[in-house]
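The chain contents come next:
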Amino acid sequence: MIAMESFTKKFGTLNALDGINLQVTEGSIFGLIGSNGAGKSTLLRAISGVYKPDGGSILIDGEAPYENAKVKQRLCFVSDYPYYSSQDTLESLARFYRRFYRNWDEEEFRRLTELFPLERKQRIQSMSKGMQRQAALICALSTCPDYLLLDEVFDGLDPVMRQLLKRVISDHVAARDMTVLIASHNLRELEDFCDHVGLLHKGGVLIEQELESLRLGIQKAQAVFQPPLDDEMLNALRQTLDIVKLERHGSLISFVARSTEQKVMDSLQLLHPVFCESLPLSLEEVFISEMEAAGYDIDKILS
């Protein structure tokens, strides 16, 4: 298990991460989302042992990863911009990884190089961005890590390769109880892949929750009223429900609320709508709603 308690990381006077409390349970696929500059990449680097905490702690199965070779043997980090020398090929990269990871699996490496169509002797820097990402992932998975840390891993991959990668990672999780922590802006890719999600904003955690529970705890609804609801009735609805966002267009209102579907529908029925319904909420809509509640929304950016 990855456990962070009051973790803080500073760069000069900037608190990149400030008092982070977060837990990632063993065998889970944890999606890390957040606004630009929220600290997602910094957090992954800290978990991988690149950064030393300036406050609080990060523990992996009870041990700190910073300058801890034993812990680092059990994890592998694929950054958003993997580094390759001008002469690196997939074969030379594999030789490098073999030297440092005791659990390197040569059979898995061969299997993955057959799944992902890369030329093993081609210079990696001459490959496309997506192919370079595939090379890093092949080597990372071949180390058979207990903890796999991925930063914007879907960036540059075509739809077929994205689905293949999800399947390969899911197989490793199922077979070895591997734990995956993946940071991405591509929320549509995460919502059918992750079982837990954490939302970062301005160096802090807004949400840490099982994805299905998160969806059940926030609802999107719309209703038509004749005559249209007046301000007094809308305020009464706001007092009944924890409404994150509400829009009114004539007789139609639509809103997002932190509540159960049953409570939302019961509250609307008390106001005698002509029509009302609950709508499915995507992870992207959850993200936008929570960020707007935190003061990060398009209207404020443009104003």
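First, a word on scope: everything that follows refers to the structure included in this document. (Residues numbered from 1 in each chain as written. Predicted model: local features only at pLDDT ≥ 70, side-chain atom pairs only at ≥ 80, totals over all residues. Heavy atoms only, no water.)

1. A few points about the overall build of the protein
- Helix and strand content of the protein: 12 helices and 13 strands.
- If one aligns the C-alpha atoms of the protein with their principal axes, the spans along those axes are about 70 × 40 × 40 Å.
- The buried share among the 303 residues of the protein stands at 49%.
- At a minimum sequence separation of 6, the contacts of the protein that also span at least 24 residues come to 68%.
- Here the protein has roughly 15000 Å² of accessible surface; of this, 49% comes from carbon and sulfur atoms.
- Of the side-chain charges in the protein, 33 are positive and 44 negative, and the distance between the mean point of each set is 8 Å. (Helix = DSSP H or I, 4+ residues; strand = E, 2+ residues; numbered from the N terminus. Buried < 20%, exposed > 50% of the residue type's maximum accessible area, 1.4 Å probe, protein only. Contact = heavy atoms within 4.5 Å. Areas by Shrake-Rupley, 256 points an atom, 1.4 Å probe, with all protein chains shown as cover. Lys, Arg positive; Asp, Glu negative; His and termini not counted. Charge placed at Lys NZ, Arg CZ, Asp CG, Glu CD.)

2. A look at empty space enclosed by the protein
- Tallied over the entire structure, the rule returns one cavity of 30 Å³ or more.
- Within this model, the largest cavity holds a volume of roughly 30 Å³.
- Considering the residues around the largest cavity, the lining is formed by I33, V197, L199, I207, L214, L283, V286 and F287.
- Those elements that place two or more of their residues in the lining of the largest cavity are β8 (196-201) and α11 (283-293). (1 Å grid on protein atoms, 1.4 Å probe; cavity = no way out; pocket = protein on both sides within 12 Å on 5 of 7 lines; lining within 4 Å. Points joined across faces, edges and corners; volume = space filled by probe spheres on them.)

3. Points about the sheet that holds β8
- With mixed pairing, six strands are arranged side by side in an open sheet as β5-β6-β7-β3-β8-β9. The outermost strands of the open sheet, each flanked by one partner alone, are β5 (75-78) and β9 (204-210). Geometrically, the sheet is characterised by an average inter-axis angle of 15 degrees between neighbouring strands, direction not taken into account.
- The sheet contact formed by β5 and strand β6 (residues 147-151) spans four bridges and is parallel. Note that in β6 the partner of V78 across the bridge is L150.
- Against the sheet, helix α5 (residues 129-142) contacts β5 and β6, and its axis sits at roughly 175 degrees relative to β5. (Pairing = 2+ DSSP bridges. Axes fitted to C-alpha atoms, helices over the stretch in contact; angles between N-to-C directions.)

4. Section: the environment of L164
- With respect to the secondary-structure elements, L164 resides in helix α6 (residues 159-176).
- Classification of L164 as buried rests on a relative accessible area of 17%.
- Considering only alpha carbons, one finds L164 and L118, 46 residues apart in sequence, at a separation of 14 Å.
- In this view, L164 contacts L115 and F116; residues no more than four positions away in its chain are not counted.

5. A closer look at the pattern of salt bridges
- Scanning the entire structure with this criterion turns up 15 salt bridges.
- In this structure, R162 and E189 form a salt bridge, with 2.6 Å as the shortest nitrogen-oxygen distance. Taken together, the residues R162 in helix α6 and E189 in helix α7 (residues 187-190) connect sequence positions 27 residues apart.
- According to the relative accessible area criterion, R162 is buried, its value standing at 17%.
- Look at E189 and you get buried, because its relative accessible area is 10%.
- Sharing partners across several salt bridges, the network here consists of R162, K166, E189 and D192. (Salt bridge = Lys/Arg side-chain N within 4 Å of Asp/Glu carboxyl O.)

6. Remarks on unusual backbone geometry
- Here the residue pair Q226 and P227 is connected by a cis peptide bond, since its omega of 0 degrees sits within 30 degrees of zero.
- The topology assignment puts P227 in the loop between β10 (219-224) and α9 (231-240).
- For S6, which is not a glycine, the phi torsion comes out positive at approximately 50 degrees.
- Here S6 falls in the partly exposed class, since its relative accessible area comes to 38%.
- The backbone phi angle of C144 is positive, close to 50 degrees, even though this residue is not glycine.

7. A few points about the layout of surface pockets
- Put simply, the largest pocket is a space of about 620 Å³.
- Of all the elements in the fold, those that place two or more residues in the lining of the largest pocket are α2 (69-72), β5 and α3 (90-100).

8. Quick look at helix α10 (residues 261-269)
- Listed as buried for α10 are V264, M265, S267 and L268. Across the axial projection of α10, the buried residues extend over an arc of 160 degrees, all falling on one side.
- Summarising the contacts, the buried residues of α10 are in contact with β10, α9, β12 (252-258) and β13 (275-279). (Arc of directions from axis to C-beta.)

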